[in-house]
Amino acid sequence: MSSTLSWRQTQIEPYESDATDQKLLSALQKDCRISNTDIAHTLRISKASVTYRIRRLEEKKIIHGYLTHVDIFKLGFRGVLIRLSVNGPPARQKECAELLAHHPQVLSVYTAFRPFNLMIGVIYETENDLSSFLSFIKKNLGVSNYEVVSLQAYSAMSVDYSQKNVEIFSRKNNYSVPKKQTFTLVPFHAALLGLLSRHARKTVTQLAEETHTHKSTVKKALNDLVNQKIIIKFTASVNPYSIPGTFLAAWWMSFPDADEIRRLRTWLHEKKCSNGFVQAVGKYNVIAFTFFHSPQSLASFEESFNEQFPHCTDYRMELLKEQAKSEWFSPFMEERLLSRMKETK
């Protein structure tokens, strides 16, 4: 993914799709590395039509990227979510979002409405990395207030926003602190992850050309990364705000025990309105990302939540305005992996 604006809540042209477009988006969200030939066979349309439709969806910014979901914990990294307040007019908020999007430790950037108007996902390896980043935002952003929670586990789901009855396509992926691995990462794996993080639909031929190696070598390395569950999945990233009436929210919650958190995760899965679930350490120990098709559905969700989870000690909901960055593997991670490999030689 590039560091430019991915999607925005406002100023989006209405998405006029047909049933074939919706099926195409569904296929690409399940596995964006599926070939156009296989999509054509599945949808019973020509390969030329598939190519044209994908290009049109990209040009209209409905598809705004192709992501490689990587298990950051298995690669030896840790993560935090930070929500912060930036003072000044909307232009200042956008300026800060773009500055953060270009930082090598930042994996995701969302702008939101007040009181906290920026939310970021940050990767780090050592406590010094995290401390250095926090110093960076204090110095360069003029932050008046911020909160940090440390990631323990993350569940990711690919959602077809275009369907009226939203369906969750992918299995739930729970990331946990890794056990000792018998599989050994080599520099070529890091190079592949770097290329795929920028465009997950690159073909084996393209990857072989860019790494100056044989296709068989690329295939084996990809299989290794997938079989070891370092790569969780490949998916098309769809702009939810291209679907009229859709909007996203992040819920920061505090729960007293693990049983209630497990019950919440199951409840959200059954509701089919969640596209991310984070367990964390901090003032809030759960952050849930949800989407709705109307203000009424949000109000109904909140009412139902209060009835179902009276033991939630605190929660805050923030509407997300735009996404300035979203990726799962960064130059910072690639550099650190290569550095580790050199040390172990």
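Thresholds, definitions, all that
- Residues numbered from 1 in each chain as written.
- Predicted model: local features only at pLDDT ≥ 70, side-chain atom pairs only at ≥ 80, totals over all residues.
- Heavy atoms only, no water.
- pLDDT = per-residue confidence, 0-100.
- Helix = DSSP H or I, 4+ residues; strand = E, 2+ residues; numbered from the N terminus.
- Contact = heavy atoms within 4.5 Å.
- Buried < 20%, exposed > 50% of the residue type's maximum accessible area, 1.4 Å probe, protein only.
- Pairing = 2+ DSSP bridges.

### Thoughts on the confidence of the model for the protein
Stage number 1. Confidence in the prediction for the protein averages 84 pLDDT; 86% of positions are at 70 or higher.
Stage number 2. Mean pLDDT values over the elements of the protein span from 44, in strand β1 (residues 7–8), up to 95, in helix α7 (residues 204–211).
Stage number 3. Per-residue pLDDT stays below 50 along residues 1–11; that stretch engages in 42 contacts with residues further than four places along the chain or on separate chains.

### Brief notes about unusual backbone geometry
Note on backbone geometry: most residues besides glycine have negative phi, and most peptide bonds are trans.
Stage number 1. Unusually for a residue other than glycine, K61 sits at a positive phi of about 65°.
Stage number 2. Structurally, K61 is set in the loop between α3 (47–59) and β2 (63–70).
Stage number 3. Of note in the backbone geometry, K229 takes a positive phi value of approximately 60° without being a glycine.
Stage number 4. Among the secondary structure elements, K229 is positioned in the loop between α8 (215–227) and β7 (231–238).

### Regarding the pairing of strand β8 (residues 247–254)
Stage number 1. Within β8, 8 of the 8 residues are buried, leaving the element largely enclosed by the surrounding structure.
Stage number 2. Bridge analysis of β8 against strand β10 (residues 286–292) gives 7 bridges, and the strand direction is antiparallel. Considered in β10, the bridge of W252 is made with I287.
Stage number 3. Alignment of β8 against strand β11 (residues 314–326), held across 7 bridges, turns out to be antiparallel. Across the sheet, the residue bridging to W252 is R316, located in β11.

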